[in-house]
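Structure assessment
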Amino acid sequence: GQIKFRTSPFFEILEALAPPIELQILPNNRGSATSHLMLSPATVDRLKSDKNMRIMLYSAADPILGQYSETDIAFPQQLEVRVNSEQVTSNFKGIKNKAGTTRPADITDVVRKNPPKYNNTIQITYALTQKARKFHLVVNLVKKHPVEELVERIKRGNVLTKATVLKDMVARNDDPDIEATSTVMSLKDPVSYVRISLPCRSSICLHNQCFDASFFLQLQEQAPTWTCPVCNRVLLFESLVVDQYVQDILMNTSTSTDQVTIEPDGKWSQGNKTEEAQRGGTKRSYEDDDDSDDDLVEIIPDDRVKRLKQETSQTPYPLANTPPISSREQSTTGSAAATNAPGSGSNRQKRKSEVIDLTLSDDDDEPPRPAGR
């Protein structure tokens, strides 16, 4: 019967182009098999019009559980494939002792497409088909979906909103028996160690740490383990989501920022308090929008201005107590030194608001200043 291979987001099987090739059990000897492939004019046209249309060789090992059960791709341990006497240079092995990590072999470039219905000869040499298992090879017409296309598919359909992430974080930290503390989250992909471009994770994972969608899919195309690089949980392509909470952090930090600190309530900050203090700054949350009033200018009413003028003009000038110029210079120098001394109170105080008299013009006489005491 027809073999149903495990579905892959990268390779969509459209139809079988030839009957399955059966490889008998040969645990100690080498075996061979020959098959023929003729492409219809319609198939040739599809291959010419779309570069993502490919001819790919699949293989499955016994037992075949039936058309309703999916089968992993598995090739014999030793295998050589030639099409029209030209060897197929492809990796027929996946990760050792890890089923489901083998990808199909692309034979498009070695199959003759002109003239139509050309009789392509497929020669297979194999050995060490151990564990009493037969293998079944199938040539399929496949629609290939590039990584870029799959990334766009995730962007359009699978999104975890910022509000949902914050709600889940608060719910997880709402246990009265557990004291929630801040955590550090990396903005780099856990495998490539490059800053994440599109933050992605599985909807079944419980962590907020994300990985880069494009890099993860590139790895799965080469060796489809389909495990989370953060927690090693088995996942499906359909469960991959874009985390808009982490995406917001990436958009509001510089490309040189490698990590941020996440508070239990979801607020985040970057940098280190000690490092910020050494630079003369303060650690600030991205949601802290309080404005400083250091640069505020106070405008006083006209009646207060007139009253201040009168009080100033009536102030007596004790000339006898006015120190000579030389002593005033020394006093001024001493006062400036005291003012600029480290730890002085004036440096720690907020700059006083300036008072501007909007009623004065350039022609008005400046009121006399009281002498310093």
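So, here is what we can say about the structure in this document. Note that the structure is a prediction, hence the values are computed from the model and not measured.

This part covers the overall build of the chain. Of the regular secondary structure elements, the chain holds 9 helices and 18 strands. Counting every position in the chain, which comprises 373 residues, the buried fraction comes to 31%. A total of about 23,900 Å² of accessible surface is found on the chain, and carbon and sulfur atoms cover 48% of it.

What follows concerns the pattern of salt bridges. A complete count under the given rule lists 14 salt bridges for this structure. Its salt-bridge partner being E149, residue R153 comes within 3.6 Å of it at the nearest N-O pair. Of this pair, R153 and E149 both sit in helix α2 (residues 147-157), separated by 4 residues, roughly a single helical turn. Residue classification places R153 among the partly exposed positions, given a relative accessible area of 32%. For E149, a relative accessible area of 32% corresponds to the partly exposed category. Linking K188 and D258 is a salt bridge whose minimum nitrogen-to-oxygen distance equals 3.9 Å.

Strand order across the open sheet formed by 4 strands is β10-β14-β12-β13, with mixed pairing between neighbours. Either end of the sheet is taken by a strand with one partner, and the two such strands are β10 (159-160) and β13 (211-212). Taken together, the 2 bridges between β10 and strand β14 (residues 240-243) define a ladder with parallel strand orientation. Across the sheet, the residue bridging to V159 is V242, located in β14. Contacts from helix α5 (residues 244-251) reach β10, β12 (199-202) and β14 within the one sheet, and its direction differs from that of β14 by about 40°.

What follows is about the packing of aromatic side chains. Applying the stated rule across the entire model yields 6 aromatic pairs. A ring pair is formed by F5 and Y58, whose centres lie 5.0 Å apart and whose planes are at 50°; its orientation type is tilted. Of the two residues, F5 is situated in the segment before β1 (11-16) and Y58 in strand β4 (residues 53-61); the sequence distance between them amounts to 53 residues. For Y58, a relative accessible area of 3% gives the class buried. A connected cluster of aromatic rings, assembled from ring pairs, spans F10, F11, F211, F216 and W226.

It is worth spelling out the sheet that holds strand β11 (residues 183-186) at this point. Within the open sheet, the 3 strands sit side by side as β11-β15-β16. Their pairing is antiparallel. Only two strands of the sheet have a single neighbouring strand rather than two, namely β11 and β16 (268-269).

On to the packing of α2 against helix α4 (residues 213-222), then. Relative orientation of the contacting elements α2 and α4 amounts to 130°, with a least axis distance of 10 Å. As summarised for this structure, α2 and α4 are arranged oblique, according to the angle between their axes. Note on packing geometry: the crossing formed by α2 with α4 is right-handed. Taking contact as the criterion, the partners of V147, L150, V151 and I154 in α2 are, on α4, A213, S214, L217, Q218 and E221. In terms of residue class, the contact of α2 with α4 is made up of 6 nonpolar, 2 polar and 1 charged.

The rules behind each value
- Residues numbered from 1 in each chain as written.
- Predicted model: local features only at pLDDT ≥ 70, side-chain atom pairs only at ≥ 80, totals over all residues.
- Heavy atoms only, no water.
- Helix = DSSP H or I, 4+ residues; strand = E, 2+ residues; numbered from the N terminus.
- Buried < 20%, exposed > 50% of the residue type's maximum accessible area, 1.4 Å probe, protein only.
- Areas by Shrake-Rupley, 256 points an atom, 1.4 Å probe, with all protein chains shown as cover.
- Salt bridge = Lys/Arg side-chain N within 4 Å of Asp/Glu carboxyl O.
- Pairing = 2+ DSSP bridges.
- Contact = heavy atoms within 4.5 Å.
- Axes fitted to C-alpha atoms, helices over the stretch in contact; angles between N-to-C directions.
- Phe/Tyr/Trp six-rings, centres within 6.5 Å; stacked < 30°, edge-to-face > 60°.
- Parallel < 35°, antiparallel > 145°, perpendicular 65-115°, else oblique.
- Left-handed = near helix turned anticlockwise from the far one by under 90°.
- Nonpolar A, V, L, I, M, F, W, Y, C, P; charged D, E, K, R; others polar.

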